[in-house]
Structures are given as structure tokens and as C-alpha cells.
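In case you want the letters, here they are:
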Amino acid sequence: MRTTVITLVAGRHAHLRLQLRGLTRSARTPDDHVVVSMGDPAVAPLIEAEGYPAHTVTLPAGGPLPPSAGGPLSPSAGGPLSLSTARNVGAECALARGAELLVFLDVDCIPSAGLLGLYERAASDPRHGSALLCGPVTYLPPPGPRGYDLGRLERSVNPHPARPNPPAGTIRTGDEYDLFWSLSFAATRETWTAVGGFCTDYVGYGGEDTDFAQRAAHAGVGLRWVGGAHAFHQHHPVSDPPVEHLHEILHNAAVFHRRWGRWPMTGWLTRFAEAGLARYDAAADRWVATAAHAGRGRGRCLDRDARGNSVGT
């Protein structure tokens with residue numbers, strides 16, 4: 001089975017280097033690696049300097065947010081990145097280059113030595129191969145002065161508690177599609193086609209993962225948790241709630257509500273409301289930003305789960 005890793009990159013160069021080095025240490029190295037650079041001209045030279053055989057696809061940086069039911073939008077400089085479009089482009093490129101199994105790996109994630117082999121084993125099993133395949137993700141603490149030691153990462157396995165963590169070598173059938181996230185997952189060519197890729201109505205930050213999972217459920221595509229297919233998420237600061245992404249999240253929440261009839265990211269929406277940054281307009285059935293958002297700073301550093309709930313790091 002021809003296995004291709006797909007990674008999106010905009011900055012995070014140190015994280016990308018460690019991912020590439022982690023892949024070279026893999027027990028089953030990828031047949032191909034498509035790296036999608038989102039307006040980042042430093043990506044291709046970095047990969048070349050590493051001597052790593054990846055294929056780079058370059059997309060322009062994000063543009064302004066479109067009009068939204070979330071209210072007036074004030075995108076940050078450069079505009080939000082279209083993660084959905086970038087993932088779709090990466091998949092299209094990988095399939096054109098002969099991929100049979102697509103492995104999406106967030107740029108922050110270092111694969112365990114067994115990740116690719118276990119995904120491939122699951123994809124080759126007729127009981128599981130037509131499903132979305134998801135591995136456990138460990139959020140690493142900040143690295144020490146010497147950085148992360150790739151040779152010792154396996155000792156740091158401590159998967160995110162909000163998701164299943166089956167024993168290594170086992171596969172668990174799941175039905176909680178809201179737990180899906182794109183940090184680390186795999187899909188065969190046929191499964192990707194059945195789902196139809198990521199919806200490109202989403203812009204910037206939040207919601208597109210949950211929508212993708214709902215598309216999978218609607219298409220009758222199953223969900224599997226692959227034990228032992230560990231990925232290690234390198235630490236970086238995030239804020240809770242993600243104030244800098246407020247307008248993107250409100251826009252994307254409105255898109256999801258329009259498509260699926262319920263609100264996603266309820267943890268974040270609730271925190272925005274509690275902080276006086278957004279409110280639910282019952283008459284219009286929409287979430288809107290308030291004037292209090294202007295000038296507000298970042299929240300405390302936490303990591304999120306798929307519902308926009310936060311887990312401290």
C-alpha cells in the first residue's frame with residue numbers, strides 16, 4: 001500500500017524539522033510526503049536543507065474573511081489561512097502521485113515509530129479499512145533547553161484524556177464523531193473520496209474538523225481508534241478562549257450551524273459569552289461579537305479538544 005503523509009505548514013519551522021526527523025526514524029517510512037506551504041516561502045528551503053525527500057506545494061497566504069452571520073469581521077494581518085482548502089489540495093496532490101493511504105499529520109506532531117505501520121495495518125484490514133482511522137495524541141510539555149529527545153519520546157506517551165486510547169495492536173470502533181480531529185488521522189483513497197474532503201466554507205480557525213467528521217458519518221463512513229498509533233504534539237502557547245480567532249470562530253460556527261443544525265465549539269462560545277466578547281442573538285439565531293472584544297488580550301495558555309473545551313498543559 002502506497003502511503004503518503006500530508007502536512008500543512010505556515011511557520012512552526014522548528015516543529016516541522018522534528019516531524020521530518022521523526023518520520024526518518026519511523027519503522028515504516030512513508031512512500032511520499034506532501035507538504036503544503038501556506039504562504040510560507042521558507043518551507044521548501046528548510047526541507048531541502050534537511051535532505052528530506054518531500055514534495056512541496058505552495059499556496060498563497062490567506063485573504064480577508066468573507067461576510068458572515070457571526071457579525072463584522074476584523075481579520076488579522078495577512079488574513080486567515082484556509083486549512084480546509086490546504087488539506088484538500090494536499091490530498092489531491094498525494095492522490096495524483098499515486099497515494100493509496102493518506103496520513104494527515106499536523107506540523108506540530110512527531111510520529112511514533114509505529115504510527116505509519118499501524119495505520120497501514122488498519123487500512124489493510126477489511127473490517128476497518130473503509131473507516132476514518134485515528135491514533136492517540138500526546139500533548140508534550142514545553143521542551144527543555146536542549147529540545148525534545150526523539151529517542152526518548154516513546155517514554156512520554158500520555159494520550160489526550162478526551163479520546164479513546166486502545167491497547168497497542170487493537171482497534172476500537174467509535175461512534176462519537178465529534179471527537180475526531182485532524183492532528184493525526186488516515187484514510188484510504190476510497191474513504192477520502194466517499195467523504196468528499198473538507199468543506200471550504202470554513203476559514204481560519206475552528207469547526208472544519210467537526211464538519212469533516214459529520215460528512216463522514218452522513219456518508220456512512222465509520223470511525224476507528226487505532227491503538228498504538230501515537231503522535232506527539234509539540235508544545236506551543238495557545239489561549240483560552242482563543243480571542244485572536246474570535247471572528248473566525250463565530251463565522252465558522254455559523255457555517256456549521258447552517259449545515260448541520262446545531263452549534264459546534266460550544267466550550268469556546270460559552271467562554272466568549274462569559275468574558276463579554278460575544279453573545280447569542282436569539283431573534284436572529286446567531287452568535288455575534290460585542291464591542292467589548294476590542295482591545296482584549298490573550299487568555300491563559302491551554303490546549304483544546306474537538307468541542308472547543310480546554311485541557312491545561
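The structure this text deals with has already been given above.
Quick look at the structure, then.

Each value, and the rule that gives it
Residues numbered from 1 in each chain as written. Predicted model: local features only at pLDDT ≥ 70, side-chain atom pairs only at ≥ 80, totals over all residues. Heavy atoms only, no water. Helix = DSSP H or I, 4+ residues; strand = E, 2+ residues; numbered from the N terminus. Buried < 20%, exposed > 50% of the residue type's maximum accessible area, 1.4 Å probe, protein only. Contact = heavy atoms within 4.5 Å. Areas by Shrake-Rupley, 256 points an atom, 1.4 Å probe, with all protein chains shown as cover. Right-handed = clockwise from strand over helix to strand, strands pointing away. Arc of directions from axis to C-beta. Salt bridge = Lys/Arg side-chain N within 4 Å of Asp/Glu carboxyl O.

1. Looking at the overall build of the protein chain
For the protein chain, the helix and strand inventory stands at eight helices and 15 strands. Taking all 313 residues of the protein chain together, 54% fall into the buried category. Long-range contacts, defined here as pairs at least 24 residues apart, represent 74% of the contacts in the protein chain between residues at least 6 apart. Accessible surface, the protein chain as shown: approximately 13100 Å² in total, 51% of it carbon and sulfur.

2. A short note on the pairing of strand S1 (residues 3-9)
Among the seven residues in S1, seven count as buried, and that is most of the element. On S1, burial covers both faces: Thr 3, Val 5, Thr 7 and Val 9 on one face and Thr 4, Ile 6 and Leu 8 on the other are all buried. In terms of handedness, the path from S1 via helix H1 (residues 13-24) over to strand S2 (residues 32-38) forms a crossover that is right-handed.

3. Quick notes on helix H2 (residues 43-50)
Taken together, the buried positions of H2 are occupied by Val 43, Leu 46 and Ile 47. The buried residues of H2 occupy an angular sector of 95° when projected down its axis, which confines them to one face. Every exposed residue of H2 that faces more than 90 degrees away from the buried side is listed here: Glu 48 and Ala 49. Summarising the contacts, the buried residues of H2 are in contact with S1, H1, S2 and strand S3 (55-59). Once H2 finishes, Gly 51 follows within two positions and takes phi at roughly 70°, a positive value.

4. Comments concerning the pattern of salt bridges
Oppositely charged side chains are able to pair whenever their charged atoms sit close together. Throughout the structure, instances matching the rule amount to 13 salt bridges. Of the charged contacts, one joins Arg 87 and Asp 209 as a salt bridge, the two residues approaching to 3.8 Å between their closest N and O atoms. Of this pair, Arg 87 sits in helix H3 (residues 83-96) while Asp 209 sits in helix H6 (residues 208-218); the two residues are 122 residues apart in sequence, bridging distant segments of the chain. In this structure, Arg 87 and Asp 209 share a single accessibility class: buried. Between Arg 259 and Asp 211 there is a salt bridge, with its nearest N and O atoms 2.7 Å apart. Taken as a pair, Arg 259 in helix H7 (residues 246-260) and Asp 211 in helix H6 lie far apart in primary sequence, 48 residues in all.

Any link to function would need more than the numbers given here.
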